[in-house]
Amino acid sequence: MSDAELVLRSTRVITPGGTRAACVAVAHGTITAVTPHDAPVPAGARLEDLGDDVLLPGLVDTHVHVNDPGRTEWEGFWTATRAAAAGGITTLIDMPLNSLPPTTTVGHLRTKQRVAAGQAHVDVGFWGGALPDNVQHLRPLHEAGVFGFKAFLSPSGVDEFPHLGPEQLARSLQEIAAFDGLLIVHAEDPRHLAAAPQHGGPRYADFLASRPRRAEDTAVAHLLDQAKRLGARVHVLHLSSSDALPVIAAAKADGVRVTVETCPHYLTLTAEEVPDGASEFKCCPPIREAANRDLLWRALADGTVDCVVTDHSPSTADLKTDDFATAWGGISGLQLSLPAVWTEARGRGHGLQDVVRWMAARTARLAGLGTRKGAIAPGHDADFAVLAPDETFTVDPAALQHRNRVTAYAGRTLYGVVKSTWLRGRCVLAGGEFTEPKGRLLTRSP
């Protein structure tokens, strides 16, 4: 600790070993020591005394659609990373679609990296995409540093990112398994979606019926069968159907290398409360019933579901029409994910230690960043969020940093106010004021 440049002191520091009063020493952007609360501050080090505010590791969000370049009017790196910082997120991994071009070749990855450089207020990494016709590009993308590959098993909603059929999934997964990469999958079966009633219009009940649970359940089961057959690593994206949990638990018990995420909106919102015509609540797969939500929370607690990520998927306001069939499907959640999850978690008897495990430690591990991100421990990047967990605020869309301030949380009162956010020992947000962007572009470690 003697070489420390900065010391952050709090009566509540969330560490891998538990929550305790501590001092966290930082030098050259790295945590060098976690010492008792009353440890002396080294000569020359600056002290930040946080009092009783909680010091968390910066959150790691592995599911973010930045849409830049090409659809920057929906969201861009400047606005997305400011929203992330405002929500205590210090690392995000960008999805390969909704940008033009999508991240499906090394050339397209370089284009995206050039656009992101200099605009990022937090650290940013990139997923690649697995399409029916780009199997030959998967290994080069892996070697170029993408963190894994996103695939859809049903139409993605954008023409430039087609979904994989069963044979195409097997071919892509076999190639990815050959270099022990990771395939992350939007798992809905297109046959069940096509067979479901498609009424359109403003009724949320009609939209929910058009995306039945069996579409998720069937697709998840097929993915797990393929992963077991090939010995591949797979990750189930944005799980909403609790009916898929038994087959996931069985696959994990059988040694299938699968991880699973869910999202704040599936944990905090319910179908019963979605107003007709309110397409700010539309996402795919959909927000389901309260009983389903309870089972997702149980699965988080027992480890069947590994982590919580935003699936931040914004659009311009005009695409959020009152017709659920044609409105853009996506929920903007970067800035509000921590308070939304914390509000529900505290009411269910969970602590911030649990939230950090779901939204920082396990997401960092998913991306292969577990030795650098997601924990307050020596050797990790000095990325922090300072949270007043018992303070509340009412969500005002005008206060959001997202480019398009459409939110399913408008008017809700949430617990947990992010007081400041730190990236490698540098305060990037405090008192509502941002510093110049100093985020780095991350690549997968060899």
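Summary of the structure given here.

What counts, and where the lines are drawn
- Residues numbered from 1 in each chain as written.
- Predicted model: local features only at pLDDT ≥ 70, side-chain atom pairs only at ≥ 80, totals over all residues.
- Heavy atoms only, no water.
- Helix = DSSP H or I, 4+ residues; strand = E, 2+ residues; numbered from the N terminus.
- Rg over C-alpha atoms; globule rule 2.2 N^0.38 Å.
- Buried < 20%, exposed > 50% of the residue type's maximum accessible area, 1.4 Å probe, protein only.
- Contact = heavy atoms within 4.5 Å.
- Lys, Arg positive; Asp, Glu negative; His and termini not counted.
- Charge placed at Lys NZ, Arg CZ, Asp CG, Glu CD.
- Pairing = 2+ DSSP bridges.
- Axes fitted to C-alpha atoms, helices over the stretch in contact; angles between N-to-C directions.
- Core = buried A, V, L, I, M, F, W, Y, C linked by side-chain atoms within 4.5 Å.
- Right-handed = clockwise from strand over helix to strand, strands pointing away.
- Disulfide = S-S within 2.5 Å.

1. Side note on the overall build of the protein chain
Point 1. Along its length, the protein chain carries twelve helices and 18 strands.
Point 2. Its C-alpha atoms give the protein chain a radius of gyration of 21 Å, near enough to 22 Å, the size a compact globule of 446 residues would have.
Point 3. With the principal axes as the frame, the protein chain shows a C-alpha extent of 70 × 45 × 45 Å.
Point 4. Counting over 446 residues, the protein chain shows a buried share of 60%.
Point 5. Across the protein chain, the fraction of contacts at a sequence separation of at least 24, relative to all contacts at a separation of at least 6, is 74%.
Point 6. Averaging the coordinates of the 43 positive side-chain charges in the protein chain and doing the same for the 50 negative ones gives two points 4 Å apart.

2. Quick notes on the sheet that holds strand β14 (residues 307-308)
Point 1. Taken together, the six strands give an open sheet; going across it, the order is β9-β10-β11-β12-β13-β14, and neighbouring strands pair in parallel fashion. Of all strands in the sheet, those bounded by a partner on one side alone are β9 (128-129) and β14.
Point 2. In the sheet, strand β13 (residues 258-262) pairs with β14 via two bridges, with the strands oriented parallel. In the strand pairing of β14, Glu 261 is matched with Cys 307.
Point 3. Contacting β10 (149-152), β11 (182-186) and β12 (233-236), helix α4 (residues 166-178) runs over the sheet at an angle of about 150 degrees to β11.
Point 4. Against the sheet, helix α7 (residues 213-230) contacts β11, β12 and β13, and its axis sits at roughly 165 degrees relative to β12.

3. Here we look at unusual backbone geometry
Point 1. For the bond from Asp 68 to Pro 69, the omega torsion is 5 degrees, close enough to zero to count as cis.
Point 2. Cis geometry is adopted by the peptide bond preceding Pro 285, which originates at Cys 284 and carries an omega value of 0 degrees.
Point 3. Relative to the elements of secondary structure, Pro 285 occurs in the loop between α9 (264-268) and α10 (290-302).
Point 4. For Asn 98, which is not a glycine, the phi torsion comes out positive at approximately 80 degrees.

4. Looking at the environment of Gly 29
Point 1. Mapped onto the fold, Gly 29 is located in the loop between β2 (18-27) and β3 (30-36).
Point 2. In sequence terms Gly 29 and Leu 423 are 394 residues apart; their C-alpha atoms lie 7.8 Å from each other.
Point 3. Dropping the residues within four chain positions of it, Gly 29 is found in contact with Asp 381, Ala 382 and Arg 424.

5. Let's talk about the sheet that holds strand β6 (residues 59-64)
Point 1. One open sheet holds the three strands; their spatial order is β6-β7-β8, and the pairing between them is parallel. Taken across any chain shown, the strands that pair with only one partner, and hence form the sheet edges, are β6 and β8 (123-126). When the angles between neighbouring strand axes are averaged without regard to direction, this sheet yields 20 degrees.
Point 2. Bridge count between β6 and strand β7 (residues 89-94): four bridges; the pairing is parallel. Among the inter-strand pairings, Val 60 is bridged to a residue of β7, identified as Thr 91.
Point 3. Strand contacts of helix α1 (residues 77-86): β7 and β8, with the helix running at about 140 degrees to β7, the strand carrying the most contacts.

6. Comments concerning the pairing of β8
Point 1. Along β8, one buried face is formed by Asp 123 and Gly 125 and the opposite face, lined by Val 124 and Phe 126, is buried too.
Point 2. Across four bridges, the pairing between β7 and β8 is parallel. Within the sheet, the bridge partner assigned to Thr 91 lies in β8 and is Asp 123.

7. With respect to the nonpolar core
Point 1. Leu 56, Phe 149, Leu 183, Tyr 204, Leu 224, Leu 239 and Ile 287 are the most contacted members of the largest nonpolar core, which totals 100 residues.
Point 2. Discounting chain neighbours no more than four positions away, the residues touching Leu 56 are Ile 14, Leu 338, Leu 352, Val 356, Ile 376, Asp 383, Phe 384, Ala 385 and Leu 387.
Point 3. Counting residues in each nonpolar core, the second largest holds 20 residues, with Phe 147, Phe 161, Ile 184 and Ala 367 among its members.

8. Looking at the pairing of β13
Point 1. Here β13 lies mainly inside the structure; four of its five residues are buried.
Point 2. The sheet contact formed by β12 and β13 spans three bridges and is parallel. Bridging from a neighbouring strand, His 235 pairs with Thr 259 of β13.
Point 3. Handedness of the crossover joining β12 and β13 through helix α8 (residues 245-253) is recorded here as right-handed.

9. Observations regarding the state of the cysteines
Covalently bonding the sulfur atom of one cysteine to the sulfur atom of another cysteine gives a disulfide.
Point 1. Applying the stated criterion across every chain yields a total of zero disulfides.
Point 2. In this model Cys 307 remains outside any disulfide bridge; the closest cysteine sulfur is found in Cys 263, 9.1 Å from its own.
Point 3. Cys 307 gets classed as buried once you look at its relative accessible area, which sits at 2%.
Point 4. Residue Cys 427 stays outside any disulfide, its sulfur separated by 18 Å from that of Cys 23, the closest cysteine.
Point 5. In this structure Cys 427 comes out as partly exposed when scored by relative accessible area, which is 23%.

Purely geometric stuff here, so don't read any function into it on its own.
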